[in-house]
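What the coordinates show
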Amino acid sequence: AGPGMLRNLQSDYATGTAEIRTVMLEDGSKVTLAPESAITVVYSNERRKIRLLDGDAFFDVAANPERPFVVTADDVNTTVLGTGFEVLRGKSGVDVAVEHGRVRVDYTSDEQSLLAATLDAGQSVHVDWAGGNGAGQMARGDKPVTHVAPWRQKQLIARDQPLGAVVDQLRRYYAGKIVVLGDALSDETVTGVYNLSDPLEALYGVARAREADLWQVSPWLVIVSR
């Protein structure tokens, strides 16, 4: 509970387990927070800055060329003028996907841009800050615009994603603890569409996809294993 409490104290807006919240900012921009997510908002006359402390958020930005809109997640900055895009802060890196408009994604160190990518609608990038001798690595991809932030419609869409990463998303919707036994199982890929309104049933579906077993030890502990 400690890290969650600290995150909420540091944030301007935050969500709890299975909670989705939409916030209208002073400039008309709209932020939709996924469960267990948190942001801080720092606006000035020159720039609009959002810091994603944890989790996943979708941004629908009001255009204002004189005040760039920047979302920061660790050392990854996403800069836009007017667009709709998603930023996910995960354990190993940051994912950015664009629903409409255009963004620039920079991986920075000491305020210097080390890697950069420009994304249009239907494009995405994963920035792995653990790779490249500390300088980060970028992996570009394509994502149908209907697959950007599908959690807004209570859906989890996985396309060849590691099982462990999919379970990480489900954890934000389940009040108890989910444990996956074995790195090999966590690394196996999963493809499917799962209903976030019933996270336990979704977890059963993920386990079945890899012929794994799911053990509900109590209402607060579920184990996935072979």
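Analysis parameters
- Residues numbered from 1 in each chain as written.
- Predicted model: local features only at pLDDT ≥ 70, side-chain atom pairs only at ≥ 80, totals over all residues.
- Heavy atoms only, no water.
- Phe/Tyr/Trp six-rings, centres within 6.5 Å; stacked < 30°, edge-to-face > 60°.
- Helix = DSSP H or I, 4+ residues; strand = E, 2+ residues; numbered from the N terminus.
- Buried < 20%, exposed > 50% of the residue type's maximum accessible area, 1.4 Å probe, protein only.
- Lys NZ or Arg CZ within 6 Å of the ring centre and 35° of its normal.
- Salt bridge = Lys/Arg side-chain N within 4 Å of Asp/Glu carboxyl O.
- Core = buried A, V, L, I, M, F, W, Y, C linked by side-chain atoms within 4.5 Å.

This part is about the packing of aromatic side chains. Across all of its chains, the model carries 2 aromatic pairs by this definition. With 6.1 Å between their ring centres and 65 degrees between their planes, Phe59 and Phe69 make a pair best called edge-to-face. With Phe59 in strand S5 (residues 48-60) and Phe69 in strand S6 (residues 69-73), the pair connects residues that are 10 residues apart, well separated along the chain. Here Phe59 falls in the buried class, since its relative accessible area comes to 0%. Taking the centre distance of 5.2 Å and the plane angle of 25 degrees together, the rings of Phe59 and Phe85 count as stacked. Of the two residues, Phe59 sits in strand S5 while Phe85 sits in strand S8 (residues 84-89), which places them 26 residues apart along the sequence. The same class applies to Phe59 and to Phe85, which are both buried. By way of ring pairs, the aromatic residues Phe59, Phe69 and Phe85 are connected into one cluster. Above the ring of Phe58, the side-chain terminus of Arg152 is found at 3.8 Å from the ring centroid.

Moving on, we get to the pattern of salt bridges. Where side chains of opposite charge bring their charged atoms close, a pairing between them can arise. All told, the structure shown has 11 salt bridges when counted by the stated rule. Here Glu99 makes a salt bridge to Arg152, at a shortest N to O gap of 2.9 Å. Taken together, the residues span a long stretch of sequence, with Glu99 in strand S9 (residues 93-100) and Arg152 in the loop between strand S13 (137-142) and strand S14 (155-162) at a distance of 53 residues. Each of Lys91, Asp168 and Arg171 takes part in a single network of salt bridges with overlapping partners.

Take the nonpolar core next. Counting 29 residues, the largest nonpolar core has Leu203 and Val224 as the members making the most contacts within it. At the level of secondary structure, the elements contributing two or more residues to this core comprise S14, helix H2 (163-171), strand S15 (177-180), strand S16 (189-195), helix H4 (199-209) and strand S18 (221-225). Here this core takes 5 residues from H4, the largest share from any one element. Counting residues in hydrophobic clusters, the runner-up holds 27 residues, among them Leu25, Tyr43, Val61 and Val71.

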